[in-house]
Amino acid sequence: MRLEPIAAPTPARLLGLPLAALALTLAIGAALAALAGANPLAVFGLILKGAAGSRFALLETLNRATPLIFTGLAVAVAFRARLWNIGAEAQLYAGALTTVLLGTGAVAAPAPLLLPLLALTAFAAGAVLLLGPAFLKVRFGVDEVVTTLLLNFIMLLFVSMLLEGPLKDPLSLGWPQSPALVPDARLPRLVSGLRLHWGFALALAAALVTWAIMARTTLGFEMRAVGENPAAAAFAGMPVPRVLLRTAILSGGLAGLAGFSEVAGLKGNLTLDLSPGFGYTGIIVAMLAMLHPLGVVVAGVFVAGVFVGADSMSRAAGVPSYIADILVATALLTMVAALKLTRFRIRSG
Amino acid sequence: MEHLDILLTASFWAAVLRIASPLIFATMGELICERAGVLNLGIEGIMVIGAFTGWFAVYAGLPLWAGVATALLAGMAFGLLHGLLTVPLGLSQHVVGLGITLLATAAASYAYRLALPRVTTPPRIDPFQPLPLPGALAQTPLTYLAFLTVAVTAFVLARTPLGLAIRAVGENPQAVEAQGLSVTALRLGAVTIGSGLMAVGGAFLTLSAFSSFFFEMVNGRGWICIALVVFGAWHPGRALLGALLFAAFDAYQIRLQQTLGAAIPYQVFLMLPYALSILALVIMSRRARVPAALMTPYNRGER
């Protein structure tokens, strides 16, 4: 068997294969719903209704999409330069940690000063956390997949230690959580009375800025060149290690902003369940977006919709909400396969 | 010197062998995949699916060894999927591996919730019992199977034509093709078998170490095995040594927690194994020689 490139794929191939991937994903979802004894069409209907069936549902989806856009951007930027950052989860918690360290009364400033300060320190914290593995990669050739993955566990334990120690809210009655942010450290709501906050607007802005960096600046060009072919980039005189370190700053920083946005916009304090794996889901979001920063927004809202919709469907129809995880993982695998097959055909012999 | 006396007790060494066993299975699985040129980041999820399917088979009334076989087959199925996407299709091994981990973890969680919708305490099964041997040797048969797996892996890789072909396919696939062997078949086979071993490692947790299935029970062990393969420089014997060292350290920190637990937060002890893995990677990756074709998809006729 071998793969043969297709010089000019037909529109039918370009459209048909991704649609087939979507159909296969839905078919697997339907089979899983049937396995749970539910009517697949009703289940899909309930997921759709729970994700976008009302103003409340739609805003809830956008709320859930906010951290996924940040972590999706973090992964997209890094993977573009083939820096395999699997540690967005830890970088998110690093950003959340600095936000509560500075935002619970340590710094007294009015909101217009305090919020940018908190955002910047969260960005820096996430960046520093990825700079470590990136440095080990360029200096000692240590595989960053494993180091960033292991840092996720270390970071979560570190946060747990602080929440049960110095950062513990004395009024929390034994529950490990940080004190609440001061009012000036809270991101206001975009729509009064509903939970959607300015973090979502910040995520959209981050996507635009990231897109501009990737498409319009020298750094973006170098990142893409290093990702395409590091040897050729080095031969062309690009400082590959420096490009990777700058990529790490941008990527880790974006993931750090996710932590700032969740704490300052949504939760108001730090607990150990701040992120139900937003860092890992960001990888799916980035891949579904084909690593395009603006595509990350679309993919982030889509994936968030599946999760929010599945939560509400699960309450109504009794199908376990883990069906959402299976759907997005299947969508990821079928979509990368379909996109490959739009450009190559399999030949025997 | 009571902290060092720990090292002299049989219960410490028994714990070392117990903690090492799942790591040994999964590390051998990952090593076989990587020697054939495929990085398998599905390991974490495949261990979860092995832990779940092995436990569920026994919970449903099958004998323990049938549980092990069920886990093996489930792991092989996910490995075959990984292999089909990364070998003939040549998709990114990072993306596919992480996708498999997410898919396998979600599948285990979904199946568990479906089978046991309203349980709060995870049901128990009767796990493997230790063999009637003295001291630290009183281990379950699965631990002895883990050591046997290392011996077989080392023998096959180093001494048989099949092992030579697997190693060659991870170093120079063009040369293997020129010998008239199929790169696709060899890599697919290695990933499938390797993934089966990872799942048996997961099943050790539910069938031998504990007797129930919990959602977070694998808890990064898969990622640690990937570090152990690098630490072992892609050699079964050295990887075994790495797994034993890691397990000794883990068993030691658990005991230190009991004596120093009041002074130092327990999270520090729990962090140490992960930090140690990173440190080991930094020390070893300068010396280790990576299989030359690792992470490089092979396409016939391309150079």
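Note that the structure is predicted; figures quoted are calculated from it, not measured. One numbering rule holds for all chains: residues counted from 1, following each sequence as written. Labels are handed out in written order, letters beginning with A for the chains and numbers beginning with 1 for the ligands. Only residues with pLDDT of at least 70 are given local features in this predicted model, and only at 80 or more are side-chain atom pairs given and counted; all residues enter the totals for whole chains, interfaces and linings. Remark: hydrogens and water are excluded; side-chain values derive from all non-hydrogen atoms of the structure.

**Student:** What exactly am I supposed to notice about the overall build of chain B here?
**Tutor:** Secondary structure elements follow DSSP: runs of H or I no shorter than four residues count as helices, runs of E no shorter than two count as strands, and numbering proceeds from the N terminus. Regarding its fold elements, chain B presents 12 helices and 0 strands. The secondary structure elements of chain B, listed N-terminal to C-terminal, are α-α-α-α-α-α-α-α-α-α-α-α. When we talk radius of gyration, it's over C-alpha atoms, and the globule rule is simply 2.2 Å times the number of residues to the 0.38. A compact globule built from 303 residues should have a C-alpha radius of gyration of about 19 Å, and chain B, at 19 Å, falls within 12% of that. Seen through its C-alpha atoms, chain B measures out along the principal axes to roughly 65 × 45 × 35 Å.

**Student:** Would you take a moment to explain the overall build of chain A for this structure?
**Tutor:** Check the secondary structure of chain A and you find 13 helices and 2 strands. For chain A, whose C-alpha radius of gyration is 21 Å, the value lies close to the compact-globule estimate of 20 Å for 349 residues. A principal-axis box enclosing the C-alpha atoms of chain A has dimensions of 70 × 60 × 30 Å. To sort residues, take the accessible area from a 1.4 Å probe on protein chains only and compare it with the maximum for the residue type: under 20% means buried, over 50% means exposed, and anything in between is partly exposed. Every one of the 349 residues in chain A was classed for burial, and the buried ones make up 54%. Any two residues whose heavy atoms approach within 4.5 Å at even a single point are treated as in contact. Considering only intrachain contacts with a sequence separation of at least 6, the fraction spanning at least 24 residues in chain A is 76%. Charge assignment in this entry is limited to Lys and Arg as positive and Asp and Glu as negative, and neither His nor the chain termini are counted. Lys charges are placed at NZ, Arg charges at CZ, Asp charges at CG and Glu charges at CD. Charge-centre separation for chain A: the mean point of 23 positive side chains lies 10 Å from the mean point of 14 negative side chains.

**Student:** Honestly, the interface of chain A and chain B in this entry has me stumped. Any pointers?
**Tutor:** Note: interface size is frequently given as the accessible area lost on complex formation between the parts. The interface of chain A with chain B comprises 47 residues on the first partner and 45 residues on the second. Summed over both sides, the interface of chain A with chain B buries roughly 4,100 Å², with 81% coming from carbon and sulfur. The term buried area refers to how much accessible surface (probe radius 1.4 Å) is lost by two components on association, counted for both of them together. Area buried by chain A at its contact with chain B is led by A:Leu150, A:Tyr322 and A:Leu333, which between them contribute 15% of it. For this document, the term salt bridge refers to a Lys or Arg side-chain nitrogen within 4 Å of an Asp or Glu carboxyl oxygen. Run the count over chain A and chain B and you get 0 salt bridges. Pairs of N or O atoms within 3.5 Å make up the polar contacts considered here, provided that, within protein, one atom can donate a hydrogen while the other can accept it, and that residues adjacent in sequence are counted only when both atoms are side-chain atoms. Counting across the chain A and chain B interface gives 5 residue pairs in polar contact (both at pLDDT 80 or more). For the side of chain A that touches chain B, the secondary structure elements donating two or more residues are β1 (2-5), α1 (11-35), α5 (111-140), α6 (144-164), α11 (278-288) and α13 (323-343) of chain A. Following the grouping adopted for this structure description, the nonpolar residues are Ala, Val, Leu, Ile, Met, Phe, Trp, Tyr, Cys and Pro, the charged ones are Asp, Glu, Lys and Arg, and the polar ones are all others, Gly among them. Classifying every residue of the side of chain A that touches chain B gives 37 nonpolar, 5 polar and 5 charged.

**Student:** Just to check I follow, could you spell out the packing of aromatic side chains for this structure?
**Tutor:** The geometry of an aromatic ring pair comes down to the distance between the two centres and the angle between the two planes. Pairing of aromatic side chains requires ring centres within 6.5 Å, counting the rings of Phe and Tyr and the six-membered ring of Trp. Pairs whose planes differ by under 30 degrees are stacked, by over 60 edge-to-face, and all others tilted. Following the criterion strictly, the structure yields 18 aromatic pairs over all chains and no others. Here the aromatic rings of A:Phe153 and B:Tyr274 are separated by 5.0 Å at their centres, their planes lie at 15 degrees, and the arrangement is stacked. Within this pair, whereas A:Phe153 is found in helix α6, its partner B:Tyr274 is found in helix α12 (residues 266-284), the two belonging to separate chains. On the accessibility criterion, B:Tyr274 (8% relative accessible area) is buried. Seen from their ring centres, B:Phe52 and B:Phe56 are 5.5 Å apart, and the 15 degrees between their planes marks the pair as stacked. Taken together, the positions of B:Phe52 and B:Phe56, both in helix α3 (residues 43-59) and 4 residues apart, correspond to about one turn of that helix.

**Student:** Sorry if this is basic, but what is going on with a nonpolar patch on the surface here?
**Tutor:** Residue and element names in this part refer to chain A. Here a patch means residues that are over 30% exposed by relative accessible area and free of salt bridges, tied together within 9 Å if like-charged and within 5 Å if nonpolar (Val, Leu, Ile, Met, Phe, Trp, Tyr). What sets the accessible areas is the Shrake-Rupley method with a 1.4 Å probe; for residues, cover comes only from the shown protein chains. A cluster of nonpolar side chains, contributed by Leu15, Leu19, Leu22 and Leu26, occupies part of the molecular surface with about 390 Å² of accessible area. Structurally, the position occupied by Leu15 is in helix α1. For Leu15, a relative accessible area of 58% gives the class exposed.

**Student:** Whenever I open this one, the packing of helix α4 (residues 64-86) of chain B against helix α5 (residues 93-115) of chain B confuses me. Can you help?
**Tutor:** Each pair of packed helices can be described by the angle between their axes along with the distance between the axes. Residue and element names in this part refer to chain B. For every element, the axis is a line fit to its C-alpha atoms; helices are fit only across the contacting stretch, and the angle between N-to-C directions ranges from 0 to 180 degrees. It is at 10 Å that the axes of α4 and α5 come closest, and there the two elements cross at 155 degrees. The orientation of α4 with respect to α5, classified from their angle, is roughly antiparallel. The handedness of the crossing between α4 and α5 is right-handed. Contact with α4, carried on its side by Phe78, Leu81, His82, Leu85 and Thr86, involves Gln93, Val96, Gly97, Ile100, Leu103, Ala104 and Ala107 of α5 and no other residues of that element. Any angle between 65 and 115 degrees counts as roughly perpendicular, while under 35 counts as roughly parallel, over 145 as roughly antiparallel, and the rest as oblique. Helix crossings fall into two classes, left-handed where the near helix is turned counterclockwise from the far one by less than a right angle and right-handed where it is turned clockwise.

**Student:** In this structure, what is going on with the side chain of A:Glu144? I would like to understand it.
**Tutor:** Residues and elements named next belong to chain A. On the secondary structure map, Glu144 appears in helix α6. One polar contact links Glu144 to Lys137, side chain to side chain, over a distance of 3.2 Å. Those residues within four positions of Glu144 in sequence are excluded, and the remaining contacts are Arg82, Leu83, Trp84, Pro133 and Lys137.

**Student:** Would you mind going over the nonpolar core with me for this structure?
**Tutor:** One recurring pattern in soluble globular proteins: nonpolar side chains tend to sit buried together. With 216 residues, the main nonpolar core has A:Phe79, A:Phe260, A:Leu270, B:Leu207, B:Phe213 and B:Trp223 as its most contacted residues. In contact with A:Phe79, other than residues within four places in its own chain, are A:Trp84, A:Asn85, A:Ile86, A:Ile283, A:Met287 and A:Leu291. For the purposes of this section, nonpolar cores are sets of buried Ala, Val, Leu, Ile, Met, Phe, Trp, Tyr and Cys residues that join through side-chain atoms within 4.5 Å.

**Student:** Whenever I open this one, the pattern of salt bridges confuses me. Can you help?
**Tutor:** Pairing between side chains of opposite charge can happen when their charged atoms approach one another. All names here are of chain A. Counted under the stated rule, the structure contains 5 salt bridges over all chains. In this structure, the salt-bridge partner of Glu60 is Arg195, at a minimum N-O distance of 2.7 Å. Note that Glu60 is positioned in helix α3 (residues 55-80) and Arg195 in the loop between α6 and α7 (198-216), a separation of 135 residues in sequence. Overall, the relative accessible area of 41% leaves Arg195 in the partly exposed class. One salt bridge in this structure joins Glu144 and Lys137, with 3.2 Å as the shortest N-O distance. The exposure class assigned to Glu144 is buried, which follows from its relative accessible area of 3%.

**Student:** Just to check I follow, could you spell out unusual backbone geometry for this structure?
**Tutor:** Glycine aside, negative phi is the norm for most residues, and most peptide bonds take the trans geometry. All names here are of chain B. The phi dihedral of Trp234 is positive, around 65 degrees, even though this residue is not glycine. Looking at the secondary structure, you find Trp234 in the loop between α10 (221-231) and α11 (236-260). Despite not being glycine, Met295 has its phi angle at roughly 75 degrees, a positive value.

**Student:** It is not clear to me how helix α2 (residues 10-35) of chain B should be interpreted in this structure. Could you clarify?
**Tutor:** Counting along an α-helix, one turn takes 3.6 residues, and residues three or four places apart therefore face a common direction. Residue and element names in this part refer to chain B. Taking 1.5 Å of rise per residue, the 26 residues of α2 would be expected to cover 38 Å, and the 36 Å separating its terminal C-alpha atoms lies within 8% of that figure. Along α2, 21 of the 26 residues are buried, which leaves the element largely enclosed by surrounding structure. Looking one or two places after α2, you find Gly37, whose phi comes out positive at around 100 degrees. Expected span, for any helix, means 1.5 Å times one less than how many residues it has.

**Student:** Is there a simple way to think about the environment of B:Ala292 in this case?
**Tutor:** As for its placement among the helices and strands, B:Ala292 is situated in the segment after α12. Among the residues examined, B:Ala292 registers a relative accessible area of 52% and is labelled exposed.

**Student:** I keep staring at the confidence of the model for chain B and nothing clicks. Help me out?
**Tutor:** Detailed conclusions should not be drawn from predicted coordinates in areas where pLDDT is low. One confidence number per residue, pLDDT, is output by the predictor and ranges from 0 to 100. Summing up the model confidence of chain B, the mean pLDDT is 92 and the portion of residues at 70 or higher is 98%. Within chain B, α4(B) carries the highest mean pLDDT (98), whereas helix α1 (residues 2-5) of chain B carries the lowest (70).

**Student:** I keep staring at helix α10 (residues 240-267) of chain A and nothing clicks. Help me out?
**Tutor:** Residue and element names in this part refer to chain A. The end-to-end C-alpha separation of α10 is 39 Å, in line with the 40 Å expected for 28 residues at 1.5 Å each. Most of α10 is tucked away, with 22 of its 28 residues classed as buried. One or two positions beyond α10, positive phi appears at Gly268, with a value near 85 degrees.

**Student:** Looking at this structure, I do not really get the state of the cysteines. What am I missing?
**Tutor:** Here, disulfide denotes a covalent bond that connects the sulfur atoms of two cysteines. The term disulfide is used for any two cysteine sulfur atoms that are within 2.5 Å. On inspection of all chains with the given rule, the structure shows 0 disulfides over all chains. The thiol of B:Cys33 is not disulfide-bonded; the next cysteine sulfur, from B:Cys225, is found 12 Å away.

**Student:** Would you take a moment to explain the packing of helix α7 (residues 161-171) of chain B against helix α9 (residues 183-209) of chain B for this structure?
**Tutor:** All names here are of chain B. Between α7 and α9, the least distance of the axes is 10 Å, while the angle of their chain directions is 100 degrees. In this view, α7 runs roughly perpendicular relative to α9, as classed from their interaxial angle. In this structure, α7 contributes Leu162, Ala165, Ile166 and Val169 to the contact, and α9 contributes Val183, Leu186 and Arg187. In terms of residue class, the contact of α7 with α9 is built from 6 nonpolar, no polar and 1 charged.

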